[in-house]
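The chain contents come next:
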Amino acid sequence: MPRLTLRTQLTLLYAGPFFLSGVALLSIPILQTSDSRPAGTQPPEPVPGGAPDAGMDALLTASAVGLTIMVVVSVVLGWLIAGRFLRPLRTITATARDISANNLHRRLGRTGHNDEFTVLAETLDDLFARLESSFESQRRFVANASHELRTPLTAERTLLQVALADPDADSAALRTACLEVLALGESQERLINALLTLAGGEQGLDQRVPFELPVIARTVLLGRSARGIEVETSLAPATAGGDPSLVESLVANLVDNALRHNVPGGWVRVATSVGEDGRARLRVTNTGPVIPPDEVDRLFEPFQRLGGQRLRHTDGHGLGLAIVRAIATAHGAAVRPKARPEGGLDVEVVF
């Protein structure tokens, strides 16, 4: 048998008690009429050719008509009430079916009532938001990877082709070509890792755990070489919640950016604290080239560099600050960058 719809099931659920209650109520006067004779008396002998008990027939007929009307009314009302209460569910279902990978920006919104359907719509909206973020992150990862990897892959192929095409190439020349290819491969590996970190930060958090911000900052600083840059620290206790590995990437990218885009004899200051609002704060300040204030926000976009060029000829790919912003957004943290008039950046992250 075909499965009954939820509306039909609810209609039967509403009409069933009405029917049973009607049967019970109409049975009471019938039973009372049957038992109304005095005790010990015999029912009257039927008169041949006479008419049946007209009063009982009328009562039975009226009861049957009333019960029929009651069932019909209960079924109609049950159908209308079920449809009214299931209307938000039909709207949610129709909208959810219409949402696909191409229009994940759509949302269900509120159903008009603060009930279970509203909770369901909000839950689905959160799901669609995470899916949209995941799809967008994947698209950007594919686009960025295909664009940024094309040049080093072409360079590797050219190096190998030139080395193989030279009939007089000796082992030293081939070794040099291999070392250059390996260097390009390492650069690509760093780029892919940076892109994966960026994509992971953009996808949001699955769960949050407490972490100590100064411990993470100290771990990052111990693994970095200052290269002639003075590093000052002021790591006060500060506890926040989130993904410690992603936060470590955030701190590492801020510190690496401060060290890489600096000047000879410059300095970097790393501080952690808790503000008056009770929120953990990380602040990284560094000397460096003068940055126009209107260029600061652009530096936090992927593959954007000051003046369109790398500030130093190192292994940077222009993704460090973009990773910082993505991870901060995933944690609900605010990134507050400022260009220092003397040169360099002052970046504060408020968790």
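Residues numbered from 1 in each chain as written. Predicted model: local features only at pLDDT ≥ 70, side-chain atom pairs only at ≥ 80, totals over all residues. Heavy atoms only, no water.

Asks: Would you mind going over the packing of helix 6 (residues 244-260) against helix 7 (residues 320-330) with me for this structure?
Replies: Between two packed helices, what matters for the description is the angle formed by their axes and the separation of those axes. Where helix 6 contacts helix 7, the axes come no closer than 9 Å and their chain directions differ by 150 degrees. In terms of orientation, helix 6 lies roughly antiparallel with respect to helix 7. Where helix 6 crosses over helix 7, the two elements pack in a sense that is left-handed. Here Leu-246, Val-247, Ser-249, Leu-250, Asn-253, Leu-254 and Asn-257 of helix 6 lie close against helix 7, whose contacting residues are Gly-320, Leu-321, Ile-323, Val-324, Ile-327 and Ala-328. Looking at the contact of helix 6 with helix 7 residue by residue, the classes come out as 9 nonpolar, 4 polar and no charged. (Axes fitted to C-alpha atoms, helices over the stretch in contact; angles between N-to-C directions. Helix = DSSP H or I, 4+ residues; strand = E, 2+ residues; numbered from the N terminus. Parallel < 35°, antiparallel > 145°, perpendicular 65-115°, else oblique. Left-handed = near helix turned anticlockwise from the far one by under 90°. Contact = heavy atoms within 4.5 Å. Nonpolar A, V, L, I, M, F, W, Y, C, P; charged D, E, K, R; others polar.)

Asks: Honestly, the packing of helix 5 (residues 213-222) against helix 6 in this entry has me stumped. Any pointers?
Replies: At their nearest, the axes of helix 5 and helix 6 sit 9 Å apart, and the two run at 50 degrees to each other. On the basis of their axis angle, the class for helix 5 and helix 6 is oblique. Considering how the two elements wind past one another, helix 5 and helix 6 form a crossing that is right-handed. Within the contact between the two elements, helix 5 uses Leu-213, Ile-216, Ala-217, Thr-219, Val-220 and Leu-221 and helix 6 uses Pro-244, Val-247, Glu-248, Val-251, Ala-252 and Val-255.

Asks: Please explain the packing of aromatic side chains as it appears in this structure.
Replies: Where two aromatic rings form a pair, the distance of their centres and the angle of their planes describe that pair. Here the structure, examined in full by the defined rule, presents 1 aromatic pair. With a centroid separation of 6.0 Å and 80 degrees between ring planes, the pair formed by Phe-211 and Phe-351 is classed as edge-to-face. Note that Phe-211 is positioned in strand 1 (residues 209-212) and Phe-351 in the segment after strand 7 (345-350), a separation of 140 residues in sequence. Look at Phe-351 and you get buried, because its relative accessible area is 11%. (Phe/Tyr/Trp six-rings, centres within 6.5 Å; stacked < 30°, edge-to-face > 60°. Buried < 20%, exposed > 50% of the residue type's maximum accessible area, 1.4 Å probe, protein only.)

Asks: Please clarify how the environment of Pro-292 should be interpreted in this entry.
Replies: In this fold, Pro-292 is placed in the loop between strand 5 (280-286) and helix 7. For Pro-292, a relative accessible area of 35% puts it in the partly exposed group.

Asks: Would you explain the nonpolar core in this entry?
Replies: Generally speaking, nonpolar side chains in soluble globular proteins are found buried as a group. Judged by nonpolar contacts, the single largest core of 50 residues is most densely connected at Leu-250, Val-251, Leu-254, Leu-282, Val-349 and Phe-351. Taken together, the elements giving at least two residues each to this core come down to helix 3 (116-165), helix 4 (171-202), helix 5, helix 6, strand 4 (267-274), strand 5, helix 7 and strand 7. Sorting elements by how many residues they give to this core places helix 6 first, with 9 residues. Apart from residues lying up to four places away in sequence, Val-349 is in contact with Leu-250, Leu-254, Ala-280, Arg-281, Leu-282, Ala-328, Ala-333, Ala-334 and Val-335. (Core = buried A, V, L, I, M, F, W, Y, C linked by side-chain atoms within 4.5 Å.)

Asks: Any chance you could explain the pattern of salt bridges here in plain terms?
Replies: Once their charged atoms are close, side chains differing in charge can pair, the charge on each being opposite to the other. Under the criterion given, the structure shown has 9 salt bridges. As a salt-bridge pair, Asp-256 and Arg-224 come within 2.6 Å of each other at their nearest N and O atoms. Separated by 32 residues along the polypeptide, Asp-256 in helix 6 and Arg-224 in the loop between helix 5 and strand 2 (230-235) bring together distant segments of the chain. Linking Glu-348 and Arg-281 is a salt bridge whose minimum nitrogen-to-oxygen distance equals 3.5 Å. With Glu-348 in strand 7 and Arg-281 in strand 5, this pair connects stretches of sequence that are 67 residues apart. An identical accessibility class is assigned to Glu-348 and Arg-281; each is buried. Linked through salt bridges whose partners overlap, the residues forming this network are Asp-277, Arg-281, Arg-336 and Glu-348. (Salt bridge = Lys/Arg side-chain N within 4 Å of Asp/Glu carboxyl O.)

Asks: Teacher, can you tell me more about the environment of Arg-157 here?
Replies: Relative to the helices and strands, Arg-157 is located in helix 3. For Arg-157, a relative accessible area of 45% puts it in the partly exposed group. Along the chain, Arg-157 and Val-181 lie 24 residues apart, while their C-alpha atoms are 8.6 Å from each other.

Asks: Whenever I open this one, the sheet that holds strand 7 confuses me. Can you help?
Replies: Pairing is mixed in the open sheet, where 5 strands are placed in the order 2-4-5-7-6. Every interior strand has two partners, whereas the edge strands, strand 2 and strand 6 (334-339), have only one. Along the sheet, successive strands turn relative to each other by an average axial angle of 10 degrees, direction set aside. Sheet topology places strand 2 next to strand 4; 6 bridges connect them, and they run parallel. Bridge pairing in strand 4 links Glu-232 to Arg-269. (Pairing = 2+ DSSP bridges.)

Asks: I would appreciate a short explanation of the pairing of strand 3 (residues 239-242) in the present structure.
Replies: Alternating positions in strand 3 separate cleanly, Ala-240 and Gly-242 being buried on one face and Thr-239 and Gly-241 remaining unburied on the opposite face. In the sheet, strand 1 pairs with strand 3 via 4 bridges, with the strands oriented antiparallel. The residue bridging Pro-210 from the neighbouring strand is Gly-241, located in strand 3.

Asks: So what exactly am I meant to see when it comes to a nonpolar patch on the surface here?
Replies: On the surface, Val-65, Ile-69, Val-72, Val-73, Val-76, Leu-77, Trp-79, Leu-80, Ile-81 and Phe-85 cluster together into a nonpolar patch covering about 920 Å² of accessible area. With respect to the helices and strands, Ile-69 occurs in helix 2 (residues 54-98). (Patch = residues over 30% accessible without salt bridge, like charges linked within 9 Å, V, L, I, M, F, W, Y side chains within 5 Å. Areas by Shrake-Rupley, 256 points an atom, 1.4 Å probe, with all protein chains shown as cover.)

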